[in-house]
Amino acid sequence: MITIGLTGWGDHEELYPPGTPAKAKLALYSKHFPVVEVDSSFYAVLGEHTYRRWLEETPPHFTFILKAFRGMTGHNRGKNPYGGPGEMFQAYLDSIRPIVESGRLKAVMFQFPPWFDCSPDNVRQLRAVKKWMGSLPLALEFRNQSWYAPNVREDTLSFMKQEGWIHIICDEPQVGQGSVPAVLEPTNSELTIVRLHGRNTGGWLQGSAPNWREVRNLYRYNREELEDWRDKLDILEKKGTGEVCMIFNNNSGGDAAPNAMEMMSLLGLKTAGLPPKQMDLFGDEHN
């Protein structure tokens with residue numbers, strides 16, 4: 001099975017009729033895609049009421065990939081508001097309880113920073129994360145290519161299989177240590193996640209620029225590139241994973257939703273189609 005979704009639902013204006021209020025967007029988004037990746041859970045431990053509201057706004061088949069809070073992945077460079085890792089992880093677990101209890105959690109996504117390299121200390125950290133998170137489905141995205149170096153790649157994949165991590169396979173520019181290759185190997189028999197970040201090499205390198213959020217994922221995949229990924233998804237399925245979930249994260253310029261729709265069409269998946277643009281609402285009857 002292949003499922004397609006996007007990162008977040010607020011920034012994809014192509015999905016909504018003009019003037020759609022922010023509070024109505026998730027419900028409309030869920031008519032187009034069966035899954036969403038939640039980014040806001042990375043920036044703060046959200047209240048349970050937020051998750052309950054999202055459940056109420058979406059159909060029973062709709063699922064969530066929840067990004068782990070940044071303090072849980074070492075991104076938090078300021079003062080940590082929690083007394084220790086145990087308290088922090090428990091606060092996060094308490095907050096996402098409504099999603100977990102509803103059976104609509106696809107995975108908690110742990111995206112580690114570029115400085116999280118392949119080292120004994122960081123392997124121990126991954127084991128500690130698994131212990132703190134219990135039996136929940138956990139997905140792992142590395143952002144340091146040392147985990148996939150030729151001399152350790154098989155060990156990394158074997159470790160992920162043994163520990164039960166869901167492999168997040170990335171499509172992104174290959175521009176140094178902070179880029180990871182697309183390694184087409186499932187590590188979990190139930191789920192593999194593919195995240196498409198775009199191939200904007202120049203934007204990818206502007207991590208310290210003030211407008212890096214606007215340019216990092218500014219990229220539209222062409223049909224040939226999507227067809228290539230269609231073939232890669234087939235490879236992943238044949239290697240033995242029950243579901244491949246593809247998330248389009250190339251949303252800086254409004255490209256994620258159209259690319260996701262095109263991919264769904266290539267795969268023969270049903271799409272709801274995009275609403276008409278403002279200029280098309282009145283047709284051409286008066287021309």
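Positions within a chain are numbered from 1, following the residues in the order the chain's sequence is written. Per-residue local features are limited, in this predicted model, to residues with pLDDT of at least 70; the limit for side-chain atom pairs, both in listing and counting, is 80 or more; totals at the level of whole chains, interfaces and linings are taken over all residues. Computation of side-chain values covers all heavy atoms of the structure but excludes hydrogens and water.

In a regular helix each residue adds 1.5 Å, so 16 residues correspond to 22 Å; helix H10 (residues 223-238) covers 23 Å between its end C-alpha atoms and thus fits that length. Taken together, the buried positions of H10 are occupied by Glu-225, Leu-226, Trp-229, Lys-232, Leu-233 and Leu-236. For H10, the angular spread of the buried residues around the axis is 110°, confining them to a single face. The outward face of H10, more than 90 degrees from its buried face, is lined by the exposed residues Glu-224 and Lys-238. Only heavy atoms enter the contact rule, under which two residues are in contact if any of them lie within 4.5 Å. The helix count covers DSSP runs of H or I at least four residues long, the strand count covers runs of E at least two residues long, and both are numbered beginning at the N terminus. Its buried side turned inward, H10 meets strand E1 (2-7), strand E6 (166-171), strand E7 (191-196), strand E8 (243-248) and helix H11 (256-266). With a side-chain oxygen lying 3.1 Å from the backbone nitrogen of Glu-224, the N-terminal cap of H10 falls on Asn-222. Helix span is expected to be 1.5 Å times the residue number reduced by one. Relative accessibility under 20% of the residue-type maximum defines a buried residue, over 50% an exposed one, and the middle range a partly exposed one, all with a 1.4 Å probe and only protein chains included. What the arc measures is the spread of directions leading from the helix axis to the C-beta atoms. Polar contacts, as counted here, are pairs of nitrogen or oxygen atoms within 3.5 Å of one another; within protein the pair requires one atom able to donate a hydrogen and one able to accept it, and residues that are adjacent in sequence qualify only if both atoms are side-chain atoms.

Time to look at the confidence of the model for the chain. Confidence scores here are pLDDT values: one per residue, from the predictor, ranging 0 to 100. A residue-level look at the chain finds 89% of positions with pLDDT of 70 or above and a mean pLDDT of 89. Here residues 278-287 scores under 50 on pLDDT; set against residues more than four positions off or in separate chains, the count is two contacts.

It is worth spelling out the packing of aromatic side chains at this point. Note on ring pairs: Phe, Tyr and Trp rings are taken, using the six-membered ring of Trp, and paired if centres are within 6.5 Å. Classes follow the plane angle, with under 30 degrees stacked, over 60 edge-to-face and the rest tilted. Scanning all chains against the criterion turns up 18 aromatic pairs. Between Trp-54 and Phe-64 the ring centres are 6.3 Å apart and the planes differ by 15°, which places this aromatic pair in the stacked class. Taken together, the residues span a long stretch of sequence, with Trp-54 in helix H3 (residues 48-57) and Phe-64 in strand E3 (residues 63-67) at a distance of 10 residues. On the numbers, 4.2 Å between centres and 10° between planes, the contact of Phe-142 with Trp-147 is stacked. No difference in accessibility class separates Phe-142 from Trp-147, as the two residues are buried.

Side chains of a nonpolar character, in soluble globular proteins, are inclined to be buried together. Working definition of a nonpolar core: buried Ala, Val, Leu, Ile, Met, Phe, Trp, Tyr and Cys residues. They are joined through side-chain atoms within 4.5 Å. Of all hydrophobic cores here, the largest spans 80 residues; its most connected members are Phe-110, Met-133 and Phe-248. With seven residues, the top contributor of residues to this core is H11. In this structure, Met-133 is in contact with Met-72, Phe-89, Tyr-92, Leu-93, Val-108, Phe-110 and Leu-138, ignoring residues within four places of it in sequence.

So, on to helix H7 (residues 153-163). Along an α-helix, residues three or four positions apart point the same way, because every turn accommodates 3.6 residues. Among all positions in H7, only Thr-156, Leu-157, Phe-159 and Met-160 are buried. Down the axis of H7, the buried set is contained in an arc of 160°. They therefore lie on one face. With respect to the buried face of H7, the exposed residues turned more than 90 degrees away are Glu-154, Asp-155 and Gln-162. The inward-facing, buried residues of H7 contact helix H6 (120-133), strand E5 (138-141) and E6. Backbone geometry just downstream of H7 places Gly-164 in the positive-phi region, at approximately 85°.

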